[in-house]
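Tertiary structure, described
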Amino acid sequence: MKYNYIVLLTDFGYQDNFIGVMEGMIYKTNPHVKIINLTHNITPQNVFQAAFLLEHSFPYFPDNTLFLNVVDPGVGTDRDIIILKAGKKIFIAPDNGLLSFIQIAKKDIYKLIIPNKYIDSNISNSFHGRDIFSPIAGAISKGIDLKKISIKTDKIITIKKPEVSIKKNKIIGEVVYIDNFGNLITNINKNIFFNFVSLKDTYKIKIKNNKIKKISNNYIQEKGYGALFNSFNLLEIFSPNDNASYMLKAGIHEEVSVYI
Amino acid sequence: MKYNYIVLLTDFGYQDNFIGVMEGMIYKTNPHVKIINLTHNITPQNVFQAAFLLEHSFPYFPDNTLFLNVVDPGVGTDRDIIILKAGKKIFIAPDNGLLSFIQIAKKDIYKLIIPNKYIDSNISNSFHGRDIFSPIAGAISKGIDLKKISIKTDKIITIKKPEVSIKKNKIIGEVVYIDNFGNLITNINKNIFFNFVSLKDTYKIKIKNNKIKKISNNYIQEKGYGALFNSFNLLEIFSPNDNASYMLKAGIHEEVSVYI
Amino acid sequence: MKYNYIVLLTDFGYQDNFIGVMEGMIYKTNPHVKIINLTHNITPQNVFQAAFLLEHSFPYFPDNTLFLNVVDPGVGTDRDIIILKAGKKIFIAPDNGLLSFIQIAKKDIYKLIIPNKYIDSNISNSFHGRDIFSPIAGAISKGIDLKKISIKTDKIITIKKPEVSIKKNKIIGEVVYIDNFGNLITNINKNIFFNFVSLKDTYKIKIKNNKIKKISNNYIQEKGYGALFNSFNLLEIFSPNDNASYMLKAGIHEEVSVYI
């Protein structure tokens, strides 16, 4: 199978030459692929954050997309590199849990064999994005047989999301991601919420002594703080025309609870 | 008409997965289009800033470019989505004034009809960039008939620029934009300036008790502060090899005046 | 010769419309080229930083790549614009030293003639990236004869790197670049180091009273601070899972020495 798009997700930031150099190495191998930058501003070494954004991104890309994910605190160690084939999409990442949230039923998982003929023998210790990941992504996008560069496996490292605690009259979740606008995104999804809160219930959503009494449909009708189900289908706390994270001094892991 | 380029302008920043996901959704609809990122660092919800940068950008793109602009504090409300066709360029934006400064004589303006067959029925409240704007931009770039997805209108929301006050012996303007270098860009354009200041006049440009006595041709010949007409044809205050906004503690709306 | 890729390197940042507009102007001239953004976050006016990143980037791009480099404190003055042809790659930059570290034996150097027929006559003083560099890059990428727009030269401005001081029992270098992770990259390269330190020697790497006793192969095995040879083949000081620059309060020019 060939892949027409390569989507890059890293914690390399936009300050250095790292991303540009990866693109150069990809085009050296496959001049015809289209490269899309998902984001490179993952907090350094934050594998969970990358896994979370990847989960909420991959369904929105065309078939025949390759996702190249390099958040790699273990670069230079003997950690494995994983290739996960799921339907018409394929994912490459270091074996550190980054692919944990790809919820596709049928998956084939491979471990990359290093060295192989697509990788130059002169590999740096600190930039496998350039020396391994990019040429391999380029080669896979051209349709090479995965058996020639990898072996099947079923053991990969997985990470877990913080679980929502469901009690008799309340559920307790937490902030798992904060977006560019300062909106606080929790681990409480629509199903959990509406299994707990029936249509006739009155409820309160609580964060740091602030109580929110309804779910909004947009960001502008509320004073104080508001809550809505966002595009990830997760409960999100916002401050209209303002930065809720800053206003509430609330960060990742801040408790958000729902009471009947 | 088909559009070969889609230019993205948003306040989504580069931290989240929002831009990458929009690109994915565009390519799902039209795999052949080229996507250009104008900027995504518009100050959150700052419609004026987006309109200002769009005004000073669109003339520099090829014909058959579609401009997709999503600075959208009203997302999830019943605000309209506008399609503005002007010559061989086309603009899409929420109806909030973002397209106010497109100075092209002949314009056709349309309101998007939602739902239509190019939009998935499952629309989130918080991310129309993904669920509406991107698939519509993809469809329009492929050349679909606008009549099938929109109705003609002539009522759209417009915003205004701060006006320059012209008195007998002075003109008073203000800072309307600050660029990456900290240069202070005012609303005083070349025409206004040279209608007021004749070639034989001596004049002073004043900002916060600093007086500048001539217009420079570059950023390096001045000590203290300098002024030049920038690439937008607007009067710009700079500090050579330094950040004028920081040095002067001057922000948006800071008064800049010209005396004879 | 035609060029399939144009790589952009500037200090324009990602806040304004500058980069998008340059891409528009390039596509106006050559709709078929692929544009790659190396980085636009060079510290404003820092020619050394741009030259350093370019040195460590250009080998990783395909043949037939054009590198367009605009860190240009002299914009609007009569500084020259240089075109450097080296093998199957070509480089454009203001004549300020930005191309000093392109270590390719056979180079042909040209000065751009302005005006020429590829540049619109209406040139701004402040944005040659839009008005000169982009249309010229587009034209060169299409394969125009360089003789029609430039004259050969051998006088260009060069800048130098800080030198490593080599004494009897120590070498003294300094930090020359700090990356997105806060890693401190020095001017001590692998050759200098291993000419000084033989395999049987014990040695200490010293930065601000911290002593590091070995070269690591990765970022995770060390407590305190570590050192490795990075992907530029330069000695790099790091803090495992942390930002060494911040932790050590060490910036550019901080002394790093090696003792036997």
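Below: a short report on this structure. (Residues numbered from 1 in each chain as written. Chains lettered and ligands numbered in written order. Predicted model: local features only at pLDDT ≥ 70, side-chain atom pairs only at ≥ 80, totals over all residues. Heavy atoms only, no water.)

1. Focus: the packing of aromatic side chains
Note the cut-off: Stacked, tilted and edge-to-face are the three classes assigned to paired rings of Phe, Tyr and Trp, where Trp is represented by its six-membered ring and a pair needs centres within 6.5 Å; plane angles under 30 degrees give stacked, over 60 edge-to-face, the rest tilted. Under the scheme used here, helices are H or I runs from DSSP no shorter than 4 residues and strands are E runs no shorter than 2 residues, and both carry numbers assigned from the N terminus. Partly exposed residues are those whose accessible area sits between 20% and 50% of the maximum for their type, while under 20% is buried and over 50% is exposed, using a 1.4 Å probe and protein chains only. Two limits define a charge over a ring: the Lys NZ or Arg CZ must be within 6 Å of the ring centre, and within 35 degrees of the ring normal.
Applying the stated criterion to the full structure yields 54 aromatic pairs over all chains. A centroid spacing of 5.3 Å and a plane angle of 90° characterise the contact between Phe-193 of chain C and Tyr-203 of chain C, whose relative ring orientation is edge-to-face. Linking Phe-193 of chain C in helix α4 (residues 190-196) with Tyr-203 of chain C in the loop between α4 and β11 (204-207), this pair joins segments that are ten residues apart in sequence. This pair shows no difference in class: Phe-193 of chain C is buried, exactly as Tyr-203 of chain C is. Above the plane of the ring of Phe-101 of chain B lies Lys-161 of chain B, whose end atom (NZ or CZ) is 4.7 Å from the centre.

2. Looking at the sheet that holds strand β1 (residues 5-10) of chain C
For the record, the criterion: Between any two strands, at least two bridges found by DSSP are needed for them to pair. In this analysis an axis means a line fitted to C-alpha atoms, helices contributing only their contacting stretch, and an angle means the value between N-to-C directions, from 0 to 180 degrees. In what follows, a contact means two residues having at least one pair of non-hydrogen atoms within 4.5 Å.
Taken in spatial order, the seven strands of this open sheet run β2-β1-β3-β5-β4-β6-β7 (chain C), and their pairing is mixed. Since the sheet does not close on itself, it has two edges, and those belong to β2 (34-39) and β7 (150-152) of chain C, each with one partner. Averaged over all adjacent pairs, the angle separating strand axes in this sheet is 25°, with direction ignored. Relative to the sheet, helix α1 (residues 18-29) of chain A contacts β1 and β2 of chain C, its axis offset from that of β2 of chain C by approximately 145°.

3. Notes on the pairing of strand β5 (residues 89-94) of chain A
Residues and elements named next belong to chain A. Of all the six residues making up β5, six are buried; the element is thus mostly covered by neighbouring parts of the structure. Residues Lys-89, Phe-91 and Ala-93 line one face of β5 and the alternating positions Ile-90, Ile-92 and Pro-94 line the opposite face, and both faces are buried. Pairing geometry for strand β3 (residues 65-70) and β5, over four bridges, is parallel. Within the sheet, the bridge partner assigned to Leu-66 lies in β5 and is Ile-90. Here strand β4 (residues 81-86) folds back onto β5, and the loop between the two strands holds two residues, one of which, Gly-87, carries a positive phi near 65°.

4. Overview of the side chain of Glu-55 of chain C
Residue and element names in this part refer to chain C. Structurally, Glu-55 can be placed in helix α2 (residues 47-55). Residue Glu-55 is classed as buried on the basis of its relative accessible area of 11%. When sequence neighbours within four positions are dropped, the list of residues in contact with Glu-55 reads Phe-101, Gln-103 and Lys-161.

5. Quick notes on the relation of the copies chain C and chain B
Worth spelling out the cut-off: Least squares is the method for superposing the copies, and the C-alpha atoms it fits come from residues with pLDDT of at least 70 in both.
In the superposition of chain C on chain B (RMSD 0.0 Å, axial shift 0.0 Å), the rotation amounts to 120°. What the superposition gives is, in effect, a three-fold axis relating one chain to the other. For chain C, the minimum C-alpha distance to the rotation axis belongs to Tyr-14 of chain C and amounts to 5.2 Å. Residue by residue, only 3% of the interface of chain C is reproduced at the interface of chain B, so the copies engage with different surfaces.

6. Looking at the sheet that holds strand β2 (residues 34-39) of chain B
With respect to topology, seven strands assemble into an open sheet ordered β2-β1-β3-β5-β4-β6-β7 (chain B), the strand pairing being mixed. Taken across any chain shown, the strands that pair with only one partner, and hence form the sheet edges, are β2 and β7 (150-152) of chain B. Sheet twist, expressed as the average angle between the axes of neighbouring strands with direction ignored, equals 25°. Of the pairings in the sheet, the one linking strand β1 (residues 5-10) of chain B to strand β3 (residues 65-70) of chain B comprises six bridges and is parallel in character. Within the sheet, the bridge partner assigned to Tyr-5 of chain B lies in β3 of chain B and is Thr-65 of chain B. Strands in contact with helix α1 (residues 18-29) of chain C are β1 and β2 of chain B; relative to β2 of chain B, the strand with the most contacts, it is inclined by about 145°.

7. Notes on the pattern of salt bridges
Residue and element names in this part refer to chain A. For clarity, the cut-off: The rule for a salt bridge is simple: a side-chain nitrogen of Lys or Arg has to be within 4 Å of a carboxyl oxygen of Asp or Glu.
Applying the stated criterion across every chain yields a total of 18 salt bridges over all chains. Residues Asp-108 and Lys-106 are paired through a salt bridge, measuring 3.5 Å at the closest nitrogen-oxygen approach. The class for Asp-108 is buried, based on a relative accessible area of 19%. Through salt bridges with shared partners, a single network forms among Lys-106, Asp-108 and Lys-152.

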